[in-house]
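Secondary and tertiary structure notes
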Amino acid sequence: TRLAEPFEVLREAADKAAAGGRPLRAAVIKLGPLSAHGARRAWIGNFLAAGGIEAVDVGPVTASPEAGRLFAGSGTEIACICGSDADYALLGETVAGVLKQAGARHLSLAGRPRPSEAALQAAGVDLFIYSGCDAPDVLGKLHAALKLAP
């Protein structure tokens, strides 16, 4: 097996969906100022692109109610919260709850803030995406959340 093969399969499925008029997109809810989320936002955008998922920027968000309103206007079905660990501690749980209430079918978070993982999961985070995770598996879960057959 070639190392690139799982990614090629994911990209082929995404390309087929896009050709059929259903491009794969995920809202990236950016918390706080650019200086706090810029590097992580670039990383998650590239991670999603490896699976053929377009990252749609939403924010920056500084209060949880605006996260729901902005997500609802994004035209996406799934979301990924992106910020610093400090912003996750400050806003993560409330933003996650608001996004679920706004209709996010699947919610991921860029990073792995271990001290608050359980609380974030309880608030609605379905998946943590971080350096070292099983990328093809995680991208496959996002394809499934977008109701794309494997």
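Refer to the structure printed above.
In this text, all values refer to a predicted model and were calculated from it rather than measured experimentally.

**Considerations on the packing of helix α2 (residues 34–50) against helix α6 (residues 135–145)**
Packing of α2 against α6 leaves a shortest axis separation of 9 Å and a crossing angle of 80°. The pairing of α2 with α6 is recorded here as roughly perpendicular in orientation. Listed contacts from α6 to F47, L48 and A50 of α2 are A135, V138, L139 and L142. Class assignment for the residues of the contact of α2 with α6 results in seven nonpolar, no polar and no charged.

**Quick notes on the pairing of strand β3 (residues 78–82)**
For β3, a buried count of five out of five residues is recorded, marking the element as mostly surrounded by other parts of the structure. Of the two faces of β3, both are covered, the one formed by I78, C80 and C82 as well as the one formed by A79 and I81. Pairing geometry for strand β1 (residues 25–31) and β3, over five bridges, is parallel. Looking at β3, one finds that A27 is bridged to A79. Bridge count for β3 against strand β4 (residues 106–110) is four bridges, and the pairing is parallel.

Conventions we followed
Residues numbered from 1 in each chain as written. Predicted model: local features only at pLDDT ≥ 70, side-chain atom pairs only at ≥ 80, totals over all residues. Heavy atoms only, no water. Axes fitted to C-alpha atoms, helices over the stretch in contact; angles between N-to-C directions. Helix = DSSP H or I, 4+ residues; strand = E, 2+ residues; numbered from the N terminus. Parallel < 35°, antiparallel > 145°, perpendicular 65-115°, else oblique. Contact = heavy atoms within 4.5 Å. Nonpolar A, V, L, I, M, F, W, Y, C, P; charged D, E, K, R; others polar. Buried < 20%, exposed > 50% of the residue type's maximum accessible area, 1.4 Å probe, protein only. Pairing = 2+ DSSP bridges.

Coordinates in, geometry out; function isn't part of it.
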